[in-house]
Amino acid sequence: MTHIDAGAELDPVHPVAPPATGRATGLTAAEVAERVARGEVNDVPVRSSRSTTEIIRANVFTRFNAIIGVLWVIMLGVAPIQDSLFGFVIIANTGIGIIQELRAKKTLDGLAVIGEAKPTVRRDGVAAEISTSQIVLGDLVELGPGDKIVVDGEAVETDSLEVDESLLTGEADPVIKKPGDRMMSGSFVVAGGGAFTATKVGREAYAAQLAEEASRFTLVHSELRSGISTILKYVTWLMVPTSIGLIISQLVVKDDNFKESIAYTVGGIVPMIPEGLVLLTSVAFAIGVIRLGRKQCLVQELPAIEGLARVDTVCLDKTGTLTEGGMDVTELRPLNGSDEAYVRKVLGALGESDPRPNASLQAIIDAYPDAEEWRCTESLPFSSARKYSGASFSEGDGDNSTWLLGAPDVLLPADDSSLAEIEDLNQQGLRVLLLARAAGELDDPDVAAGARATALVVLEQRLRPDAGDTLRYFEEQDVAAKVISGDNAVSVSAVAGKLGLPGAENTVDARRLPTEQGEMAEALDANSVFGRVTPQQKRDMVGALQSRGHTVAMTGDGVNDVLALKDADIGVSMGSGSEATRAVAQIVLLNNSFATLPSVVAEGRRVIGNITRVATLFLVKTVYSVIIALLVVCSQVEYLFLPRHLTLLSTLTIGVPAFFLALAPNKERAKPHFVRRVMRYAIPGGVVAGAATFATYLLARHHYEGAGAREAETSAATLALFLIAMWVLAIIARPYTWWRIGLIATMGLGFLLVLTVPWLQDFFQLKLVGTTMPWAAVAIAAAASLIIEVVYRWVGRRFPA
């Protein structure tokens, strides 16, 4: 596969090579300037993130912000400022969300510039790499294997040009292009080369809008986000009737001070809203993007962080993933009495015949100089599907010859004696190419039939120094690694064995894999290393694994990996990979380091595990708020709390702890069924907390009489609810570390200060009266906490996630 580092060069125009004689020279500088002046430029704003306006709008104009905003305005008119604190908290939360997402946007936009495709355009006879946005109508764009076609056009030059249009048309087979054929943006070159004239640029291009949509910074298609949306929908359904009942109860049935009734009503509605949950999810994702950005990892779609954390199978392409791109020729073995000096000339001429050599051919070019007297009359570029390349030459002495260079087990018959020798070399982890002289013409579909073996070219691949550690990490995390390569199966096995991959000794030749999906899935589950895999098989293998319920990540850097990358749950491309692979991958490793993947997995696990924790905290509050409101409506008593009390409770038992817990390290493997996992704890915990708090309040109503009774009743209920909520926090914070214990202790100390410092007592209207009722509240809270502990443990055993 030809690997073109289209993202490494950041200069606006980077000279590549002068044109060969007889080729079209492209537009002149004056013609380019004229088209720019007319606006005929490929100015599609392909952004990696939402605009600043969209970020602000998404964080400010939410359903719950609207509800809380209205309640806040009401409270500012009828109650002291301390009962309006919840509104200031929302402003602070929204501000934090906007700032963090803007930071993530800046990180993403910066990385996207580094990873941007740089098409090669010929102007004034000189080929140069330019930004996609600088292409103008009529530009002559050069193509090679792996290049993505970025604008619509018409083919002008073709050299065995094969284009994959499957991402647009669904047609799996590559299309052979001839001069005059239509070129569609969004397709990519799989073999050969050529050039085309841009006929449609900007928003008129076929795939322009698709490309823009696909590359946006988005939070959609995420189980976490959709789960939270589902929860919020249920919360809204609960809120509306409960709030109406509470309003009627407090304003109509109770003949109290009107302003005070309003204040208590709002105090009952506000805590039902899990307003910080969406914010914390956005912040956790945004910080994840920033952290990964520092490690040169471009997350093109935010849910990819979450998705990779759910992965249980990762499919690895050997070349470029486990091995580095470069190769070295270690040995040349002439066969059938061939003259070594002559073979060197053939190899030198073959190297010169391909203008865009892949890694194997580049190693041959480096080892064998071109024989200048040989002239290439026809060439056949390398294709992943056929596994060989070729060329026809007019030799210096007037003879003509046709040569093939590729996989020995493809070019040789199965009973050829040379295959045993090749097998020995493959078992040492070496890559072997066969040079064969073809008997027929190069354009014959069966050109390989009857080819005469001339020499073996032995190549050594460079293992990535960090690949072994990364494979061990996946093994420790119960993530199955499958090496899927187009190379010889024995050679792939040797490389996997050197890196310590379990099951490397049992290699499967993909040509013998069953085609039926169920049988293929069984073979994939039973084995770890597969060789001689075609691009279509890679795609089929991903589908077979998914049919067994596996969440599959696919890594690769070559154009032969594109279809599998697209179909996988998570596609991971190397930064030096082809434009096509970078375009379809959700994650691009700009530093080309396979070792970055564990960081992405860890980041995803941190986000999902921690959001599940804090979601439970938020929803326990929602459930106990609804329970208390319903009990108040049914019993026709005054509502227990003012908004200031619940603002204090929410801040100490949810707001501050949730922020720290959401950003803490978490290596727990992500589990499915987010809504069920959260609600199985939130509902029983909230019901017990609500019932115990209301029981404390009723007991306090019977205990206290006279002036100050209302404040004493509320204080006792607040104490009970705080202690229960702290126990829920203590459960959620497990397993304990020094900082988590310190966090819980600090929150407890904060509440103690409010109860003991006189001006804080007055500000929050909290004062414990006597000793009997406060100790009764402590006893009720202890009993409720014990019940929650028992229920949580029972739920964990009875309804495992």
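Scoring rules and cut-offs
Residues numbered from 1 in each chain as written. Predicted model: local features only at pLDDT ≥ 70, side-chain atom pairs only at ≥ 80, totals over all residues. Heavy atoms only, no water. Helix = DSSP H or I, 4+ residues; strand = E, 2+ residues; numbered from the N terminus. Buried < 20%, exposed > 50% of the residue type's maximum accessible area, 1.4 Å probe, protein only. Contact = heavy atoms within 4.5 Å. Areas by Shrake-Rupley, 256 points an atom, 1.4 Å probe, with all protein chains shown as cover. Phe/Tyr/Trp six-rings, centres within 6.5 Å; stacked < 30°, edge-to-face > 60°. Axes fitted to C-alpha atoms, helices over the stretch in contact; angles between N-to-C directions. Parallel < 35°, antiparallel > 145°, perpendicular 65-115°, else oblique. Left-handed = near helix turned anticlockwise from the far one by under 90°. Nonpolar A, V, L, I, M, F, W, Y, C, P; charged D, E, K, R; others polar. Expected span 1.5 Å × (residues − 1).

Across its full length, the chain holds 28 helices and 22 strands. Counting all 801 residues of the chain, 57% fall into the buried class. Across the chain, the fraction of contacts at a sequence separation of at least 24, relative to all contacts at a separation of at least 6, is 74%. In the form shown here, the chain has an accessible surface area of approximately 32100 Å², with 57% of it arising from carbon and sulfur atoms.

Turning our attention to unusual backbone geometry. Cis geometry is adopted by the peptide bond preceding Pro735, which originates at Arg734 and carries an omega value of -5°. By the element assignment, Pro735 lies in the loop between helix 25 (709-732) and helix 26 (738-756). Backbone geometry places Asn336, a non-glycine residue, at a positive phi of 55°. Position of Asn336 among the secondary structure elements: in the loop between strand 11 (323-334) and helix 12 (340-353). For Gln765, which is not a glycine, the phi torsion comes out positive at approximately 55°. Overall, Gln765 belongs to the partly exposed group, its relative accessible area being 26%.

This next bit is on the packing of aromatic side chains. The description of an aromatic ring pair uses the distance of the two centres, along with the angle that the planes make with each other. Under the counting rule described, the total for this entry stands at eleven aromatic pairs. On the numbers, 5.8 Å between centres and 65° between planes, the contact of Tyr473 with Phe474 is edge-to-face. Each of the two residues, Tyr473 as well as Phe474, counts as buried. Each ring, one from Phe659 and one from Phe660, has its centre 6.2 Å from the other, and the planes form 90°; the classification is edge-to-face. Clustering of aromatic rings is evident, with ring pairs tying together Tyr342, Trp374, Phe393 and Trp403.

Below, the discussion takes up the packing of helix 23 (residues 643-662) against helix 26. It is at 10 Å that the axes of helix 23 and helix 26 come closest, and there the two elements cross at 160°. Considering the angle they form, helix 23 stands roughly antiparallel to helix 26. Along this stretch, helix 23 crosses helix 26, giving a crossing that reads as right-handed. From helix 23, Leu648, Leu652, Val656, Pro657, Phe660 and Leu661 reach across to helix 26, where they touch Trp739, Arg740, Leu743, Met747, Gly750, Phe751 and Val754. When grouped by side-chain class, the residues that make up the contact of helix 23 with helix 26 number eleven nonpolar, one polar and one charged.

With that settled, the discussion passes to the environment of Glu162. Following the sequence through the fold, Glu162 ends up in strand 5 (residues 152-164). Separated by 14 residues in the primary sequence, Glu162 and Ile176 place their C-alpha atoms 4.5 Å from one another. When neighbours within four sequence positions are excluded, Glu162 is seen to be in contact with Pro174, Val175, Ile176, Phe188, Val189, Val190, Ala191 and Arg386.

Time to look at helix 26. Side chains three or four residues apart in an α-helix point the same way, a direct result of the helix having 3.6 residues per turn. Taking 1.5 Å of rise per residue, the 19 residues of helix 26 would be expected to cover 27 Å, and the 27 Å separating its terminal C-alpha atoms lies within 8% of that figure. In this fold, the buried residues of helix 26 make contact with helix 22 (597-635), helix 23, helix 25 and helix 27 (758-764).

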